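# Observations on chain architecture
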Amino acid sequence: MTIIQFPKDMKWGVATASYQIEGAANEGGRGTSIWDTFSKTPGKVVNGDNGDVACGSYHKYEEDIEIMDDLGVDFYRFSVAWPRIFPEGTGEVNQEGLDYYHNLVDRLLEKGIEPMCTLYHWDLPQALQDKGGWDNRETIEAFLQYAELMFKEFEGKIKHWITFNEPWCVSFLSNYVGAHAPGNNDLQLAMNVAHHLLVAHGKTVIRFRELGIKGQIGYAPNVEWNEPYSNKEEDIDACKRVNGYFMDWFFDPVFKGTYPDFMVKWFEEKGAVLQIEEGDMEIISQPIDFLGINYYSGGVGRYKENEGLFDHEKVDAGYLKTDIGWNIYPEGFYKVLTHINENYGNVPIYITENGACINDGVENGEVKDDRRTDYLKQHLVALQRSIESGVNIKGYLTWSLLDNFEWAEGYTMRFGIVHVNYRTLERTKKDSFYWYKQTVANNFFEV
Ligand SMILES: CCOCCOc1ccc(-c2cn(C[C@@H]3NC[C@@H](O)[C@H]3O)nn2)cc1
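Conventions and cut-offs
Residues numbered from 1 in each chain as written. Predicted model: local features only at pLDDT ≥ 70, side-chain atom pairs only at ≥ 80, totals over all residues. Heavy atoms only, no water. UniProt positions renumbered as here; feature names shortened; annotations may be inferred. Helix = DSSP H or I, 4+ residues; strand = E, 2+ residues; numbered from the N terminus. Buried < 20%, exposed > 50% of the residue type's maximum accessible area, 1.4 Å probe, protein only. Expected span 1.5 Å × (residues − 1). Axes fitted to C-alpha atoms, helices over the stretch in contact; angles between N-to-C directions. Parallel < 35°, antiparallel > 145°, perpendicular 65-115°, else oblique. Contact = heavy atoms within 4.5 Å. Nonpolar A, V, L, I, M, F, W, Y, C, P; charged D, E, K, R; others polar. Phe/Tyr/Trp six-rings, centres within 6.5 Å; stacked < 30°, edge-to-face > 60°. Lys NZ or Arg CZ within 6 Å of the ring centre and 35° of its normal. Near = heavy atom within 4 Å. Polar contact = N/O pair within 3.5 Å; in protein donor to acceptor, adjacent residues only side chain to side chain. 1 Å grid on protein atoms, 1.4 Å probe; cavity = no way out; pocket = protein on both sides within 12 Å on 5 of 7 lines; lining within 4 Å. Sits in = over half its atoms within 2 Å of the grid points. pLDDT = per-residue confidence, 0-100. Points joined across faces, edges and corners; volume = space filled by probe spheres on them.

Where an unreviewed UniProt entry is consulted, the chain appears under the name Beta-glucosidase, with the organism given as Alkalihalophilus pseudofirmus. Regarding the chain, the relevant UniProt record gives this comment under Catalytic activity (unreviewed entry): "Hydrolysis of terminal, non-reducing beta-D-glucosyl residues with release of beta-D-glucose." Looking at the chain in UniProt, the text filed under Sequence similarities (unreviewed entry) is "Belongs to the glycosyl hydrolase 1 family."

Shown next, in the form of structure tokens:
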């Protein structure tokens, strides 16, 4: 038996996001988001699923907090639906929206659970999309107005703020690949969106500091690790490009004040040119207090001429996979965290998402999701290894508390440690919930 022991100040939590769990899409004065529009566009989401009801957490948040209280977590990471605060993106503030999040945060604080608030977890007000969305630099100012209102409104209650969740998903997945809202297929557009997100991030950090808000602010990029299949230069370079796409493109501007040159040149050859305005890079590279990291998977890849955007193909090396088809690759978690530490410094890191899609259902009132528990164990070993290697890990928040709306996969893919019956909205704690509860309580586990 091996005891995997975490530092005594290690924090533990769970994560969710507004569009994925709240429901009540037409209640409380909420405006329309791009995910309402996208999910109701035929063919975009499996089974035509949408977030109208989701987990019903808008009305069931107190029950969800009781579950978190039982779990014993330090943090609850949630996101605010911008359209609940500014239904049209800017202009009139919706007091009912603010009231909802005050009730949520107050209840968390009563239970001794720290709120970690993501300002943007993909649900852009449709009214802003109608004016160009993140391709329009005016959206940067709209976001800044929203963020400033939230900072002032929740001053003293929320002390951990995340500007953007997974800017790669918001930019390239949503505007080049087209798999997420608003569903464009334009590399230049995606590059513009990525840049504007980073400028909005930097401006928000500056405003947070100017306002003297007590607390910490960061952002939460998603990362994956692509390991070269061989030590051939062409395989190494191909994986460097893909890792550059997911990571360097969103880390270098913030931590180094520049885009990675090898990627700039590669994108230029693909016809996409950076459109940087005077002062942008200084704004983007404002020091942050912590880095959120969302890690799920990775694998091996190799060079393949004219394959995809980067002359790269993933190689199925026979790794076990989760039910969404992603490799179970804990080695990649260790590699990406040590890579970040070596390349971007000893920045405090919260793992803001890590978890597995395991679709086991309820049988006799239980969910025997041993594969999820195994995934968590393997990735927490990798995390502890990274701590031993000097990575400045402050906490771990698993994705997700609840099964929820998994974007283009709808409700077919379950990431929760708590099962949700989408017909009755009944919650059922899974076996992994009890394992995680014990690990949180002990701050160690046995392998
Ligand atoms: C090249 C073609 O690709 C098509 C699909 O490509 C992707 C990539 C990545 C994802 C993805 C989903 N998640 C989990 C979420 N993180 C935030 C939270 O909301 C979770 O629900 N992380 N990454 C989905 C689809």
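This part is about unusual backbone geometry. The linkage connecting Ala181 with the following residue, Pro182, adopts the cis geometry, with an omega of 10°. Among the structural elements, Pro182 can be located in the loop between helix 8 (167–177) and helix 9 (187–210). In this structure, Ser400 follows Trp399 across a cis peptide bond, with omega equal to 10°. Note that Ser400 resides in the loop between strand 11 (393–399) and strand 12 (418–420). In the Ramachandran plot, Asp311 falls in the positive-phi region, its phi being about 50° despite a non-glycine side chain. Position of Asp311 among the secondary structure elements: in the loop between strand 8 (290–303) and strand 9 (312–315). Judged by its relative accessible area of 11%, Asp311 falls in the buried class. With a phi angle near 65°, Leu425 is a residue other than glycine that sits in the positive phi range. Within the fold, Leu425 resides in the loop between strand 12 and strand 13 (427–429). For Leu425, a relative accessible area of 15% gives the class buried.

The next subject is helix 14 (residues 370–388). A rise of 1.5 Å per residue sets the reference length of helix 14, with its 19 residues, at 27 Å; its end C-alpha atoms lie 27 Å apart and thus fit the reference within 8%. Taken as a whole, helix 14 has its buried residues at Arg372, Thr373, Tyr375, Leu376, His379, Leu380, Ala382, Leu383, Gln384, Ser386 and Ile387. Looking one or two residues beyond helix 14, the residue adopting positive phi is Gly390, at roughly 100°.

Relative orientation of the contacting elements helix 3 (residues 57–71) and helix 5 (residues 95–110) amounts to 10°, with a least axis distance of 10 Å. Considering the angle they form, helix 3 stands roughly parallel to helix 5. Listed contacts from helix 5 to Ser57, Tyr58, Tyr61, Glu62, Ile65, Glu66 and Met68 of helix 3 are Tyr100, Asn103, Leu104, Arg107 and Leu108. Considering only residue class, the contact of helix 3 with helix 5 consists of seven nonpolar, two polar and three charged.

Another point: the packing of aromatic side chains. Any aromatic ring pair is given by two values, namely how distant the centres are and how the planes are angled relative to each other. For the structure on display, the rule yields 55 aromatic pairs. An angle of 80° between the planes, with centres 6.1 Å apart, marks the rings of Phe172 and Phe250 as edge-to-face. With a gap of 78 residues between them, Phe172 in helix 8 and Phe250 in helix 10 (residues 233–256) connect regions that are remote in the sequence. Of the two residues, Phe172 and Phe250, neither departs from the other in class, the shared state being buried. One aromatic cluster is present, built from ring pairs that chain together Trp168, Phe172, Tyr245, Phe246, Trp249, Phe250, Tyr259, Phe267 and Phe310. A cation sits over an aromatic face here: Arg84 above Tyr100, 5.9 Å from the ring centre. Its guanidinium or amino end placed over the ring of Phe262, Lys240 lies 3.5 Å from that ring's centre, counting from NZ or CZ.

This next bit is on the site of the ligand. Around the ligand sit 13 residues, and of these Gln20, His121, Glu353, Glu406 and Trp407 come closest. Here an oxygen atom of the ligand and a side-chain polar atom of His121 are 2.9 Å apart. When each cavity is represented as a set of grid points, the ligand is found to reside in the largest pocket. Of the residues forming the shell around the ligand, the biggest block, three residues, is contributed by helix 8. Its residues placed into classes, the shell around the ligand shows seven nonpolar, three polar and three charged.

Turning to the UniProt feature "active site" (unreviewed entry) in the chain, a few remarks are in order. Within this numbering scheme, the UniProt entry marks Glu166 and Glu353 as carrying the feature "active site" (unreviewed entry). Across 188 residues in sequence, these annotated residues keep their C-alpha atoms within 10.3 Å of one another, forming a single compact spot. Within the annotated group just given, the residues that line the largest pocket are Glu166 and Glu353. When you line up the elements, Glu166 lands in the loop between strand 5 (160–165) and helix 8. Excluding residues that lie within four positions of it along the chain, Glu166 makes contacts with Trp122, Ala220, Pro221, Asn222, Asn294, Tyr296 and Glu353. Within the fold, Glu353 resides in strand 10 (residues 349–353). Apart from residues lying up to four places away in sequence, Glu353 is in contact with Arg77, His121, Asn165, Glu166, Ile293, Asn294, Tyr295, Tyr296, Leu397 and Trp399.

What follows covers the confidence of the model for the chain. Here the chain averages 98 in pLDDT, and 100% of its residues register 70 or above. In the predicted complex, the global pTM is 0.98; the interface-specific ipTM is 0.95.

What follows deals with the layout of surface pockets. Computed from the structure, the largest pocket encloses a volume of approximately 1,100 Å³. Contributing to the lining of the largest pocket are 44 residues, with Trp168, Glu224, Phe246, Lys314 and Trp326 lying nearest its centre. Residue assignment for the lining of the largest pocket shows that the elements contributing at least two residues are helix 8, strand 7 (222–228), helix 10, strand 8 and strand 9. Here the lining of the largest pocket takes seven residues from strand 8, the largest share from any one element. In the lining of the largest pocket, the residues fall into 20 nonpolar, 15 polar and nine charged. For the second largest pocket, the calculated volume is near 180 Å³. The wall of the second largest pocket is formed by Trp225, Lys240, Asn243, Gly244, Asp248, Asp252, Lys256, Pro260, Phe262, His339, Asn343 and Tyr344.

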